[in-house]
Amino acid sequence: MTIARPDPVPDPGPARPAPRTPSGLFPAGPPTRPTYREPHPVTGGGVAAGGGAAAAWLLLFGLLGTDVARYAWWTVVAGLLAWLTALVLVRYGDRGVATGVAIVTAGGWSIAAAVVAVRWATSGDWPMW
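Just so you know, the residues in each chain are numbered from 1, in the order the chain's sequence is written. The model is predicted, so local features are restricted to residues of pLDDT at least 70 and side-chain atom pairs to those at 80 or more, both for listing and for counting; the totals for chains, interfaces and linings are taken over all residues. With hydrogens and water stripped out, all remaining heavy atoms of the structure feed into the side-chain values.

> Looking at this structure, how should I read the environment of Leu 63?
In this description a helix means any DSSP run of H or I spanning at least four residues, a strand means any run of E spanning at least two, and both kinds are numbered starting from the N terminus. Mapped onto the elements, Leu 63 comes out in the loop between α1 (44-62) and α2 (68-92). On the accessibility criterion, Leu 63 (61% relative accessible area) is exposed. For the pair Leu 63 and Trp 74, spaced 11 residues apart in the sequence, the C-alpha separation amounts to 8.6 Å. The buried label goes to any residue with under 20% of its type's maximum accessible area, the exposed label to any with over 50%, and the partly exposed label to all in between, with areas taken from a 1.4 Å probe on protein chains only.

> What am I meant to see in a nonpolar patch on the surface here?
Patch membership requires over 30% relative accessible area and the absence of a salt bridge. Like charges are linked within 9 Å, and nonpolar side chains (Val, Leu, Ile, Met, Phe, Trp, Tyr) within 5 Å. Only the protein chains shown count as covering a residue, and every accessible area follows the Shrake-Rupley method with a 1.4 Å probe. Definition used for salt bridges: Asp or Glu carboxyl oxygen within 4 Å of a side-chain nitrogen of Lys or Arg. Taken together, Trp 57, Leu 64, Trp 74, Val 77, Leu 81, Leu 84 and Leu 87 make up a surface patch of nonpolar side chains, about 650 Å² in accessible area. Note that Leu 81 resides in helix α2.

> Help me out: how do you make sense of α1 in this one?
What sets the pattern is the α-helix's 3.6 residues per turn: residues three or four places apart point alike. By definition here, a helix of n residues has an expected span of 1.5 Å times n minus one. Taking 1.5 Å per residue, 19 residues should reach 27 Å; α1 reaches 26 Å between its end C-alpha atoms and fits that length. Any two residues whose heavy atoms approach within 4.5 Å at even a single point are treated as in contact. Elements in contact with the buried residues of α1: α2 and α3 (95-123).

> Explain α3 here, please?
The end-to-end C-alpha separation of α3 is 42 Å, in line with the 42 Å expected for 29 residues at 1.5 Å each. Within α3 the residues assigned to the buried category are Gly 96, Ala 98, Gly 100, Val 101, Thr 105, Gly 108, Ala 112 and Val 116. On its buried side, α3 packs onto α1 and α2. Following α3 by one or two positions, Gly 124 adopts a phi angle in the positive range, close to 80°.

> Explain the nonpolar core to me, please; I cannot follow it from the model alone.
Soluble globular proteins: nonpolar side chains tend toward being buried together. Membership of the largest hydrophobic core is limited to 5 residues, which are Ala 54, Ala 82, Ala 86, Ala 98 and Val 101. Secondary-structure elements contributing two or more residues to this core are α2 and α3. When residues no more than four places from it in sequence are discounted, the contact partners of Val 101 are Gly 50, Gly 51, Ala 54, Ala 82, Trp 83 and Ala 86. In plain words, nonpolar cores are sets of buried Ala, Val, Leu, Ile, Met, Phe, Trp, Tyr and Cys residues tied together by side-chain atoms within 4.5 Å.

> Just checking my understanding: could you explain the packing of aromatic side chains for this structure?
Two aromatic rings are characterised by how far apart their centres lie and by the angle between their planes. Aromatic pairing here means that ring centres of Phe, Tyr or Trp (its six-membered ring) are within 6.5 Å. Orientation follows from the plane angle: under 30 degrees is stacked, over 60 is edge-to-face, and everything else is tilted. By the definition in use, this model includes 6 aromatic pairs. Taking 4.6 Å as the distance between ring centres and 45° as the angle between the ring planes, the aromatic pair formed by Trp 57 and Phe 61 counts as tilted. With Trp 57 and Phe 61 both in helix α1 and 4 residues apart, the pair spans about one turn of that helix. The class of Trp 57 is partly exposed, set by a relative accessible area of 35%. You can call Phe 61 buried: its relative accessible area is 15%. Aromatic pair Trp 83 and Trp 109: ring centres 4.9 Å apart, planes at 55°, arrangement tilted. Here Trp 109 lies in helix α3 and Trp 83 lies in helix α2, a separation of 26 residues in the sequence. Taken together, the ring pairs connect Trp 73, Trp 120, Trp 126 and Trp 129 into an aromatic cluster.

See the structure below:
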């Protein structure tokens, strides 16, 4: 006669870690607080468009100058007008375009300052007036 033995308890395998609080990377439900979205998000295309427009603007104004002083002054005037436009765009329009305009305008002013500095260093005479 055979004696029936109860089945052994199955091995649960390796110990499982205790459950953790989710990181939020993969949310399990609706957010607990409202999520606010930017009405005009900054995009790469907007920054590139603003940069291209500002570069063309500064180029057109820079071509009006016939010497270093006039080139520098035209670049300063064009940059001021471009930055005013960028301020309006930041408030009422596309912030990406305004960012591109501001970055390229600062670069254009830097180039004009370098041209003035090189002329001043080579001639020994301040070329702006």
